[in-house]
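Fold and geometry: a report
Given next are the chains, with one letter for each unit.
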Amino acid sequence: MKIHEFQAKAILAKYGIPVPRGGTATTPDEAAKAAADLSYPVVVKAQIHAGGRGKGGGVKLAKNKSELEQHARAIIGMNLVTHQTGPQGRRVKTVLIEQGVDIAKELYLAVLLDRSTARLVMMASAAGGMDIEEVAAHTPEKIVKAQIDPTVGLADYQARQLGFGIGLSATEVKAFAPLAKSLYAAYVAEDLSLAEINPLVITKDAKAIALDAKLNIDDNALYRHEASRALRDTDEEDPLEVEASNAGLNYIKLDGNVGCMVNGAGLAMATMDIIQLAGAAPANFLDVGGGASQETVSKAFGIILKDPNVKAILINIFGGIVRCDRVANGVIAAAKGLSIKLPIVIRLAGTNAKEAGELLASSGLAFKVATDLKQAAAKITEALKA
Ligand code: GDP
Ligand code: MN
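Rules behind the numbers
- Residues numbered from 1 in each chain as written.
- Chains lettered and ligands numbered in written order.
- Predicted model: local features only at pLDDT ≥ 70, side-chain atom pairs only at ≥ 80, totals over all residues.
- Heavy atoms only, no water.
- Axes fitted to C-alpha atoms, helices over the stretch in contact; angles between N-to-C directions.
- Helix = DSSP H or I, 4+ residues; strand = E, 2+ residues; numbered from the N terminus.
- Parallel < 35°, antiparallel > 145°, perpendicular 65-115°, else oblique.
- Left-handed = near helix turned anticlockwise from the far one by under 90°.
- Contact = heavy atoms within 4.5 Å.
- Nonpolar A, V, L, I, M, F, W, Y, C, P; charged D, E, K, R; others polar.
- Donors = N, O, S within 2.8 Å, 3.2 Å for Na, K, Ca; no water.
- Buried < 20%, exposed > 50% of the residue type's maximum accessible area, 1.4 Å probe, protein only.
- Pairing = 2+ DSSP bridges.
- Arc of directions from axis to C-beta.
- Domains from an automatic or database assignment.
- Buried area = accessible area lost by both parts, 1.4 Å probe.
- Salt bridge = Lys/Arg side-chain N within 4 Å of Asp/Glu carboxyl O.
- Polar contact = N/O pair within 3.5 Å; in protein donor to acceptor, adjacent residues only side chain to side chain.
- Near = heavy atom within 4 Å.
- Areas by Shrake-Rupley, 256 points an atom, 1.4 Å probe, with all protein chains shown as cover.

**Thoughts on the packing of helix α6 (residues 156–165) against helix α7 (residues 170–189)**
- Relative to each other, α6 and α7 sit at 130°, their axes nearing to 8 Å. One way to sum up the angle between α6 and α7 is to call them oblique. The two elements α6 and α7 meet at a crossing, and its hand is right-handed. On α7, the residues that touch Asp156, Ala159, Arg160, Leu162, Gly163 and Phe164 of α6 are Ala170, Val173, Phe176, Ala177, Ala180 and Lys181.
- Along the lines of polarity and charge, the residues of the contact of α6 with α7 split into eight nonpolar, one polar and three charged.

Spelled out as structure tokens, the structure:
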């Protein structure tokens with residue numbers, strides 16, 4: 001789960017990480033109030049679940065009250081386009097008004113999981129700020145890493161090595177190392193899946209401050225973090241994904257035109273691969289789960305159809321625990337109920353597949369029945385051409 005910068009900073013502050021003073025606002029009036037106990041310059045920052053806000057015009061420095069009001073008016077309600085939002089951009093509802101900071105150095109500091117070693121890794125770079133992606137792509141040697149032993153945690157010497165490794169002075173390392181340790185502590189205690197401070201700034205008087213913060217929380221651990229669950233902002237999520245998660249479906253929107261309904265995440269991924277191989281592109285990933293009922297199937301259909309890009313539907317169900325005839329009944333009921341006009345290719349295999357085939361054939365609906373995956377993919381590309 002993604003959260004906003006201001007929420008991430010509140011979490012980091014709990015672990016002793018210095019963050020600028022500030023507050024949020026949803027109107028220019030509130031912005032002026034939030035700036036009342038700060039001294040100029042202040043920074044106006046768009047709060048959306050995407051990075052690259054600085055370059056997109058969502059982070060502005062205000063030297064006085066009239067600039068503050070001008071930036072707040074411009075940013076609140078703007079459609080902010082960054083390299084992470086896609087061309088459609090994201091509407092800004094909230095801004096963070098913060099005390100401006102006198103920056104000497106902009107560093108990068110992050111904790112993430114390295115799946116190849118199954119360990120957390122802390123990464124630091126002296127080339128922090130708005131171009132870290134370029135640094136990683138073209139000058140990866142500028143990123144220093146520390147592998148963390150889970151039984152020990154981030155050791156003091158590792159935190160210092162990272163600091164010296166990115167060229168900090170001894171005084172600067174004294175400010176940097178405790179912050180690095182706190183970031184690791186926050187990552188573990190809050191069950192994060194990503195923690196990134198970019199930039200972590202060193203001020204002219206050698207203090208370390210988190211000027212930006214991006215924390216992702218592991219969805220599988222949310223059950224044990226009530227306070228974190230309350231930070232969810234569904235306005236920042238795809239509306240169809242929100243509807244699907246409320247219905248207990250695993251749905252991820254993609255940008256192709258073949259709506260997919262599959263049971264099991266592995267089969268869903270294989271289905272997406274086969275569709276691509278046949279020259280088409282999936283509109284979504286959708287795992288209806290092992291025990292899909294008629295209602296689940298119906299709900300899933302509804303969600304697939306709400307995506308205007310969908311031009312054909314592929315249903316691929318393997319009947320293990322779920323019986324194919326039940327799925328067929330669900331599909332028939334949903335197709336009739338929602339009066340679906342799009343071509344539907346259906347492949348059912350496993351328990352009661354034969355009965356399912358008979359139900360589909362006698363339903364009076366024009367399903368295109370496929371007997372295997374390859375044929376299903378071929379029928380989909382055919383249907384798209386028609
Ligand atoms: P992002 O572009 O979404 O990652 O947003 P950031 O919070 O990282 O802000 C982008 C850039 O704005 C930073 O890299 C800084 O250069 C600049 N910035 C942010 N806050 C301040 C501040 O308090 N003072 C100054 N001078 N610059 C700031
Ligand atoms: Mn940033």
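**A short note on the coordination of the manganese ion (ligand 2)**
- Ligation of the manganese ion (ligand 2) by protein atoms is provided by Asn198 (O) and Asp212 (OD), these donors lying 2.2 Å from the ion. Residue Asn198 is found in strand β10 (residues 192–203), and its partner Asp212 is found in the loop between β11 (208–210) and β12 (214–217); the two are separated by 14 residues along the sequence.
- Of the residues examined, Asn198 reaches a relative accessible area of 11% and is grouped as buried.

**Here we look at the sheet that holds strand β3 (residues 59–62)**
- The antiparallel open sheet is built from four strands, whose spatial order is β1-β6-β2-β3. With partners counted over all chains shown, the strands left at the sheet margins are β1 (22–25) and β3, one partner each. Sheet twist, expressed as the average angle between the axes of neighbouring strands with direction ignored, equals 20°.
- Where strand β2 (residues 42–47) meets β3, four bridges bridge the pair, whose relative direction is antiparallel. Bridging from a neighbouring strand, Val42 pairs with Ala62 of β3.
- Sitting on the sheet, helix α2 (residues 28–35) is in contact with β1 and β6 (94–99), with an inclination near 170° to β1.

**Some remarks on α6**
- Among the residues of α6, those classed as buried are Gln158, Ala159, Leu162 and Gly163. Burial along α6 is one-sided: seen end-on, the buried residues are contained in an arc of 140°.
- Among the structural elements, β8 (119–125), β9 (143–148) and α7 are those in contact with the buried residues of α6.

**Digging into the domain arrangement of the chain**
- Partitioning the chain into domains gives domain 1 (1–19 + 102–235), domain 2 (21–100) and domain 3 (238–385).
- Between the C-alpha centres of domain 1 and domain 2 there is a distance of 23 Å.
- The partner domain 2 presents 15 residues to the 15 residues of domain 1 that form the contact.
- Buried area between domain 1 and domain 2, summed over both chains or domains, comes out near 1300 Å², and the portion from carbon and sulfur atoms is 44%.
- Among the residues domain 1 hides against domain 2, the three largest losses belong to His4, Glu5 and Phe6. Together they make up 35% of the total.
- For the pair domain 1 and domain 2, the number of links is seven salt bridges.
- There are ten residue pairs in polar contact (both at pLDDT 80 or more) connecting domain 1 and domain 2.
- Looking at the side of domain 1 that touches domain 2, the element that brings in the most residues is helix α1 (residues 5–14), giving three residues.

**Here's the deal with the site of ligand 1**
- If you check the shell around ligand 1, you find 19 residues, and the closest are Lys45, Arg53, Gly54, Val101 and Glu106.
- Val101 places a polar main-chain atom, nitrogen or oxygen, 3.0 Å from an oxygen atom of ligand 1.
- A distance of 3.1 Å separates an oxygen atom of ligand 1 from a polar side-chain atom of Asp212.
- For ligand 1, whose unbound accessible area comes to 570 Å², protein coverage reaches 84%.
- In the shell around ligand 1, the residues fall into eight nonpolar, seven polar and four charged.
- Among the domains, domain 1 (1–19 + 102–235) and domain 2 (21–100) are the pair contributing at least three residues each to the shell around ligand 1.

**Observations concerning the environment of Leu359**
- Tracing the sequence through the fold places Leu359 in helix α13 (residues 353–361).
- Along the backbone, Leu359 and Arg326 are 33 residues apart, and their C-alpha atoms lie at a distance of 9.8 Å.
- Ignoring anything within four residues of it in the chain, the contact list for Leu359 reads Asp325, Ala328, Asn329 and Ile332.

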